[in-house]
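Next come the chains, spelled out residue by residue.
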Amino acid sequence: MLIKSKAVVSENDVTDRTVFEARRSIIKAALTLPLAGALPSISEAKNKIYTEVPVGPYSADLEPNKFEDVANYTNYYEFSTNKTDSTVLARPLVTRPWSVAVEGEVEAPGVYDLEDILKANPLEQRIYRFRCVEAWSMVVPWIGFPLGAMLKQFKPTSKAKYVEFTTLYKPSIMVGQKSSVLEWPYVEGLRIDEAMHPLAFIATGMYDDVLPNQNGAPLRLVVPWKYGFKSIKAIVKIRFQEDMPKTAWNKSAPHEYGFFANVNPDVSHPRWSQSRERVLGASIFTPKRKTELFNGYGEAVASLYAGMDLTKNF
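Residues numbered from 1 in each chain as written. Predicted model: local features only at pLDDT ≥ 70, side-chain atom pairs only at ≥ 80, totals over all residues. Heavy atoms only, no water.

Enquirer: Before we move on, could you go through the overall build of the chain and cite the residues and values that matter?
Expert: Regarding its fold elements, the chain presents nine helices and 14 strands. In the chain, which comprises 314 residues, the proportion classed as buried is 54%. (Helix = DSSP H or I, 4+ residues; strand = E, 2+ residues; numbered from the N terminus. Buried < 20%, exposed > 50% of the residue type's maximum accessible area, 1.4 Å probe, protein only.)

Given below as C-alpha cells:
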C-alpha cells in the first residue's frame, strides 16, 4: 500500500453457553445504568467539530468505510463480547474530565490532565487501514497526534525499553469487566522503538468528530501495522519499563496472541488463516481482500524487525 505524505478467547469464539449467559447478564445490568436511555444516538451526537484539522503525514490514499460501519461494529470487551452491544452500553461512560498517569522510567512522571495533553499535541487526520485478528478489516479516518511526540514529552530514560498502556477499570459502567473473559484492567504494550515510530498514533476523534465512547474515547492507541487488539482504548495509565509488559490477550492465550501481533498473512492463527480478510461493509458477493504483511505498511516498519523470526515473534 502506498503511504503518502500530505499538507484469548478469540473474538470469533465467544458463543458458547457460558459467554451467552454472561452477555445476557451484562445487558440486563446495563439497563440499570443511569442515563442509558437519555443519551443521544450516534447520528445525533455527531457534530463534525474537527472539520478544520489538517491531513497529516503518513495518511493513506484510501476510501474510508462508512461511519456506521466503524461506530457500530466494535470489539470492546470492557462492555460486551458482542460487537454491536458496546454502541449502547458505552454511552454512560463519562470521558471529561480525564487524566493519564505516567509512571516508570521517565524524568517527568505524574498525572496529566487530558486537556493539557491535547494542548501540547496538535491534532491531525490520518486515514489508516485497520486489520482485526479475526480476519476482518476497515479503513478509518482518525483524528489525533503521533504517539511518539507525546511520549517524548515525558522524557523517558535509557532504561525505558517498553511502554505499557492500561485501560480504565470501572465495572460499574464498563459492565463487561464483571466477566472473567479477560484479566482486568486491559493492558497492552509496545517496544519503545515501535511506540516512537511516526506511524504509531493516539486517536481522540474520527470522521471529523470526537471519538465515540464505543471506539475508545477519549484516548485510544492506533498501531496500523498490528492487529487491532493492540490498539488499546480509554487509556488511563502509561508506564515506561525495562521488561516486556504482560498484555491482556497474550496472558489469556499466549499460543494464539503474541506480544508483537504484527499483521502477517503467512502466520495463521491456530484456528483460522490470516491470508485473507473480510472488508466491513462489503457485499457478501465481494471476494475477500488479500492480507498484506504489516497490513501494507511494510516499507515503513519492516526495519523494526530486522533479523527477527516473525513466525516465533508473532
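Enquirer: How would you summarise empty space enclosed by the protein if you had to cite specific residues and measurements?
Expert: The space that makes up the second largest cavity amounts to roughly 30 Å³. Around the second largest cavity, the lining residues are R129, F130, R131, V222, V223, P224, K226, Y227, G228 and S231. In terms of residue class, the lining of the second largest cavity is built from five nonpolar, two polar and three charged. (1 Å grid on protein atoms, 1.4 Å probe; cavity = no way out; pocket = protein on both sides within 12 Å on 5 of 7 lines; lining within 4 Å. Points joined across faces, edges and corners; volume = space filled by probe spheres on them. Nonpolar A, V, L, I, M, F, W, Y, C, P; charged D, E, K, R; others polar.)

Enquirer: Could you give an account of the pairing of strand β3 (residues 99–104), naming the residues involved and the relevant values?
Expert: Both β3 and strand β4 (residues 110–113) contribute to a ladder of four bridges, which runs antiparallel. Pairing of S99 across the sheet is with D113, part of β4. Between the antiparallel neighbours β3 and β4 lie five residues. Note that β3 and strand β12 (residues 235–241) share four bridges and pair parallel. Counted as the bridge partner of A101 is K237 from β12. (Pairing = 2+ DSSP bridges.)

Enquirer: Report on the nonpolar core, specifying residues and quantitative values.
Expert: The biggest cluster of nonpolar side chains holds 82 residues, and the ones touching the most others in it are W142, L147, W225, I238 and F240. Per element, the largest residue contribution to this core is five residues, and it comes from strand β6 (residues 136–146). (Core = buried A, V, L, I, M, F, W, Y, C linked by side-chain atoms within 4.5 Å.)

Enquirer: Please provide a residue-by-residue account of the pattern of salt bridges, values included.
Expert: Scanning all chains against the criterion turns up 14 salt bridges. As a salt-bridge pair, E292 and R129 come within 3.9 Å of each other at their nearest N and O atoms. Pair noted here: E292 is in the loop between β14 (289–290) and α9 (298–301) and R129 is in strand β5 (residues 124–131), with a separation of 163 residues, a long-range link. Judged by its relative accessible area of 23%, E292 is partly exposed. A residue is classified by how much of its surface remains accessible, and R129, at 14% relative accessible area, is buried. Here K230 makes a salt bridge to E188, at a shortest N to O gap of 2.6 Å. Here K230 is found in the loop between β11 (220–222) and β12, whereas its partner E188 is found in strand β8 (residues 187–191), with 42 residues between them in sequence. Assigned by exposure class, K230 and E188 land together as buried. (Salt bridge = Lys/Arg side-chain N within 4 Å of Asp/Glu carboxyl O.)

Geometric values such as these leave the question of function open.
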